[in-house]
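As a plain string of letters, each chain reads:
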Amino acid sequence: MTRTWPTLAALAVASLARTAHAQRPRSPVESPMALAWPARRAWDAGEEQRFSHWVTGVGRAVAARRCRTLAACLDNPAINPLHTPGRRLRFRADCADVAYLLRAYYAWRRELPFGFVGAVRWERDARGHALSTRPARTARWDAFASPWQLLHELGGRVNSNWFRMRPEVGDGDWYPARVRPGDVRPGTAYYDPDGHVLVVYEVTDAGDVMLFDGHPGGSITARPFDARITPGSARVGGGFMNWRPITLQRNEIHRPTNAQLGDWSPAQYDRGARVVNGATASFDAWVRARMRRAGRNGSGGR
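The shown structure was predicted, so the numbers you read here are calculated from the model rather than taken from an experiment. As a convention, each chain's residues are numbered from 1 in the sequence order in which they are written. Reporting in this predicted model follows two pLDDT cut-offs: at least 70 for local features of residues, and 80 or more for side-chain atom pairs to be given and counted; totals over whole chains, interfaces and linings ignore these cut-offs and use all residues. Excluded from the side-chain calculations are hydrogens and water; all other atoms, namely the structure's heavy atoms, are used.

## Remarks on the packing of aromatic side chains
- Think of it this way: a Phe, Tyr or Trp ring, Trp meaning its six-membered ring, pairs with another when their centres are within 6.5 Å, and the plane angle makes it stacked under 30 degrees, edge-to-face over 60, tilted otherwise. All chains considered together, the criterion is met by 24 aromatic pairs.
- With a centroid separation of 5.7 Å and an interplanar angle of 20 degrees, the aromatic rings of Phe114 and Trp243 are classed as stacked. One end of the pair, Phe114, is in the loop between helix H5 (95-109) and strand S1 (115-124); the other, Trp243, is in strand S8 (residues 239-243), with 129 residues separating them in the sequence.
- Considering the side-chain rings of Tyr190 and Phe240, the 4.8 Å spacing of their centres and the 75 degrees angle between planes classify their relative orientation as edge-to-face. Separated by 50 residues along the polypeptide, Tyr190 in strand S4 (residues 189-192) and Phe240 in strand S8 bring together distant segments of the chain. Secondary structure elements follow DSSP: runs of H or I of four or more residues count as helices, runs of E of two or more count as strands, with numbering from the N terminus.

## Considerations on the side chain of Arg274
- Inspection of the secondary structure assignment puts Arg274 in the loop between strand S10 (252-254) and strand S11 (275-276).
- To sort residues, take the accessible area from a 1.4 Å probe on protein chains only and compare it with the maximum for the residue type: under 20% means buried, over 50% means exposed, and anything in between is partly exposed. Only four residue types enter the tally: Lys and Arg on the positive side, Asp and Glu on the negative side; His and the chain ends are excluded. Just to be clear on terms, a salt bridge is a Lys or Arg side-chain nitrogen sitting within 4 Å of an Asp or Glu carboxyl oxygen. For the buried Arg274, which has no salt bridge, the nearest side chain bearing the opposite charge is Asp270, at an N-O separation of 7.1 Å.
- Ignoring anything within four residues of it in the chain, the contact list for Arg274 reads Pro231, Gly232, Gln268, Tyr269, Ala279, Thr280, Ala281, Phe283 and Trp286. Any two residues having at least one pair of non-hydrogen atoms within 4.5 Å are treated as being in contact.

## Describing the sheet that holds strand S7 (residues 220-224)
- If you trace the six strands from one edge of the open sheet to the other, you get S3-S8-S4-S5-S6-S7, paired in antiparallel fashion. The open sheet has two edge strands with one neighbour each: strand S3 (174-176) and S7. Direction aside, the axes of adjacent strands within the sheet are offset by 35 degrees on average.
- We call two strands paired when DSSP finds no fewer than two bridges between them. With five bridges joining them, strand S6 (residues 209-214) and S7 adopt antiparallel strand pairing. Paired with Phe212 across the bridge in S7 is Ala222.
- Along the sheet, H5 makes contact with S3, strand S5 (196-203), S6, S7 and S8, crossing S5 at roughly 50 degrees. In this analysis an axis means a line fitted to C-alpha atoms, helices contributing only their contacting stretch, and an angle means the value between N-to-C directions, from 0 to 180 degrees.

Shown next, in the form of structure tokens:
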């Protein structure tokens, strides 16, 4: 069949577009990992504080509905002070993805090492629920070709089961946090054992914990911590969880043990300790009392 001139012209335009795309300069997110993400800095108290401050900014933007997906939040320089020009992000972040992508993006832009549990193993109970989840292997940021590849593949490699680990597991990405101001902080994750992950973005002086979360399809919303969120348990883990910081030693990733973490605590799983003003309280009321900074009353937890 003879091609018409319009068809040939269209093919020529398409060919030129592909050539232009191939020749355009790579943006930072597409650059080779060795150039785009050298681990020049180390995670320390200052970096953790800066990370929390950054998460607060993103969370407040979500709460104000200034962005409707995590990718849109990160691509907006008015929201994200770590934004860099270049190719727009296209990932769709479900609940567990949000917690991981925030940490990964910050680590990239601040030239910090990043590693995560690359696979898990577990058993199932009679109802098919995952139990005894534990890490099987660790993945490194520099095993990916570029920040773009890591950010767009990370969500497919993790899910809420990565949070479903008993508190004594010492080599997971997350560990149960002590429920008190400063330990539960912006960037802390909350795993609802019904299968959902949220991220803390702010804690008020009154003890209110504000969170945001991703949903299937990639939308992102904000909400307060309240009685609708299921508490974690020692059997399946969950609850308030902090990221286990990593260090590079002779180019090997090392993670602190639970005993080396000052804010590690399984106390949030102790139902008998949920007491406020001498009376048994619901989990959300206990959390609010524990997190209250001014005029805090009540007791319970360690």
